[in-house]
Amino acid sequence: MKVTLKILLIVAVIVLAYICCRSILDPIEFNAERDKREQAIIARLIDIRKAQIEYKNMHGEHAGSFDDLAKFLNEEKLPFLIKEGALSDEQLEAGLTEQEAVKQGLIRRDTFWVTAKDTLFGRDFNADQLRMVPMAPNPVQFKMDTATLTSSSGYVIKVFEAGVSYDDYLGDLDAQQVYNLKDRAEKLDRYAGLRVGSLTEINNNAGNWE
C-alpha cells in the first residue's frame with residue numbers, strides 16, 4: 001500500500017511539474033511564434049502603405065482593391081531621376097543653378113520612366129502577392145477598403161485601411177492565448193489584429209503597431 005502511495009505521489013509530482021512547466025513555456029512559445037509572424041505581416045503592410053501612397057499621388061485617391069493596386073504597380077510608370085555630379089560650394093556661392101550646370105555639362109540630370117513596381121520595390125517584387133498575408137496558417141488576403149473623411153477644420157481627406165485579424169494569422173496556435181489578445185483589444189477598443197490606416201479616423205496612414 002505504501003509503495004502504491006509513493007508511486008502515486010511521484011506521478012502527481014511529475015504531472016504537477018509538467019503543468020507548471022507548460023504554463024510557463026506555452027506563453028513564451030506562443031509569443032515567439034506571434035512575433036515572427038507579425039514581423040512578416042508588418043513588413044507587408046508597410047509595402048501596401050507605400051504602394052497606396054504612390055497610387056494616391058498619381059490618381060488623387062487610394063486603390064479600392066488589390067487588383068487595382070497590382071495593375072498600377074505592374075503597368076503604370078513613375079519618373080526615376082538619375083543624378084551625376086553636384087554643385088560645389090564655390091559654384092553655389094557664385095549663383096550657379098542646377099539647371100545652368102546641366103546646360104553647361106557640369107552635372108547630369110536624366111529622368112527615366114519605369115514601372116511603379118520597379119521604382120518602389122525593385123524588379124523582383126511580386127505585386128500580385130501584395131494582397132496575401134504572409135505566414136498565415138491558411139491562405140488569406142488582407143482586408144482593404146477606402147473612405148472619405150472630413151477633418152475638424154473642414155478638409156476632405158481620402159483614407160484607406162488594410163488589415164488582418166488575430167484569428168486569420170494566429171488561428172492555429174493556442175486558442176486561449178488568441179482569445180486573451182482579442183479580449184484585451186476589445187476592452188481597449190482597439191483593432192483585434194494588425195492594421196495600417198483607418199476608415200474612421202485620420203491617422204496619416206499609421207500602423208497600429210507604431
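Scope of this entry: the structure provided in the associated data block. (Residues numbered from 1 in each chain as written. Predicted model: local features only at pLDDT ≥ 70, side-chain atom pairs only at ≥ 80, totals over all residues. Heavy atoms only, no water.)

1. What to know about helix H7 (residues 175-187)
Helix length check: H7, at 13 residues, gives a terminal C-alpha distance of 18 Å against a target of 18 Å (1.5 Å per residue), a fit within 8%. Within the sequence span of H7, burial applies to Gln 177, Val 178, Leu 181 and Ala 185. With its buried residues spanning 105° around the axis, H7 presents them on a single face. In H7, the exposed residues that point more than 90 degrees away from the buried face are Ala 175, Glu 186 and Lys 187. Of the residues that open H7, the one with a side-chain oxygen 3.1 Å from the backbone nitrogen of Gln 176 is Asp 174. (Helix = DSSP H or I, 4+ residues; strand = E, 2+ residues; numbered from the N terminus. Expected span 1.5 Å × (residues − 1). Buried < 20%, exposed > 50% of the residue type's maximum accessible area, 1.4 Å probe, protein only. Arc of directions from axis to C-beta. Polar contact = N/O pair within 3.5 Å; in protein donor to acceptor, adjacent residues only side chain to side chain.)

2. Re the nonpolar core
By size, the foremost hydrophobic cluster in this structure holds 36 residues, and its most contacted members are Ile 41, Leu 45, Ile 48, Leu 73, Val 133, Phe 142 and Tyr 169. When residues of this core are traced back to their parent elements, those giving at least two are helix H1 (2-59), helix H2 (66-75), helix H5 (116-120), strand E4 (156-165), helix H6 (166-170), H7 and strand E5 (193-197). Examining the composition of this core, we find that seven residues originate from one element, H1, more than from any other. (Core = buried A, V, L, I, M, F, W, Y, C linked by side-chain atoms within 4.5 Å.)

3. Topic: H2
For H2, the full list of buried residues reads Phe 66, Leu 69, Ala 70, Phe 72 and Leu 73. Summarising the axial view, the buried residues of H2 lie within an arc of 160°, below the 170-degree limit, and thus occupy one face. H2 presents Lys 71 and Glu 75 as exposed residues on the side facing more than 90 degrees away from its buried surface.

4. Observations concerning the side chain of Thr 115
As for its placement among the helices and strands, Thr 115 is situated in strand E2 (residues 108-115). A relative accessible area of 18% means that Thr 115 is categorised as buried. Ignoring anything within four residues of it in the chain, the contact list for Thr 115 reads Leu 73, Asn 74, Glu 76 and Lys 77. (Contact = heavy atoms within 4.5 Å.)

5. Some details on the layout of surface pockets
The space that makes up the largest pocket amounts to roughly 210 Å³. Around the largest pocket, the lining is made up of 14 residues, and of these Arg 34, Tyr 166, Ala 185, Arg 190 and Tyr 191 lie nearest the centre. For the lining of the largest pocket, the elements supplying multiple residues, two or more each, are H1, H6, H7 and E5. With three residues, the top contributor of residues to the lining of the largest pocket is H7. Class assignment of the residues belonging to the lining of the largest pocket gives a composition of eight nonpolar, two polar and four charged. Computed from the structure, the second largest pocket encloses a volume of approximately 160 Å³. Lining the second largest pocket we find 13 residues, and of these Lys 56, His 62, Lys 158, Asn 204 and Asn 205 sit closest to its centre. If you list the elements that add at least two residues to the lining of the second largest pocket, you get H1 and E4. (1 Å grid on protein atoms, 1.4 Å probe; cavity = no way out; pocket = protein on both sides within 12 Å on 5 of 7 lines; lining within 4 Å. Points joined across faces, edges and corners; volume = space filled by probe spheres on them. Nonpolar A, V, L, I, M, F, W, Y, C, P; charged D, E, K, R; others polar.)

6. A short note on the sheet that holds E5
Strand pairing in a sheet relies on backbone hydrogen bonds. The paired strands run either parallel or antiparallel. Taken together, the three strands give an open sheet; going across it, the order is E3-E4-E5, and neighbouring strands pair in antiparallel fashion. The open sheet has two edge strands with one neighbour each: strand E3 (143-150) and E5. Across the sheet, the mean angle separating the axes of adjacent strands is 25° when strand polarity is ignored. Pairing analysis gives eight bridges linking E3 to E4, with the strands arranged antiparallel. Paired with Thr 148 across the bridge in E4 is Lys 158. (Pairing = 2+ DSSP bridges. Axes fitted to C-alpha atoms, helices over the stretch in contact; angles between N-to-C directions.)

7. Digging into the packing of aromatic side chains
In total, this model carries three aromatic pairs according to the counting rule given. Between the aromatic rings of Tyr 55 and Phe 72, the centroid separation amounts to 5.2 Å while the plane-to-plane angle is 75°, which identifies the pairing as edge-to-face. Here Tyr 55 is found in helix H1, whereas its partner Phe 72 is found in helix H2, with 17 residues between them in sequence. We classify Phe 72 as buried; its relative accessible area is 1%. (Phe/Tyr/Trp six-rings, centres within 6.5 Å; stacked < 30°, edge-to-face > 60°.)

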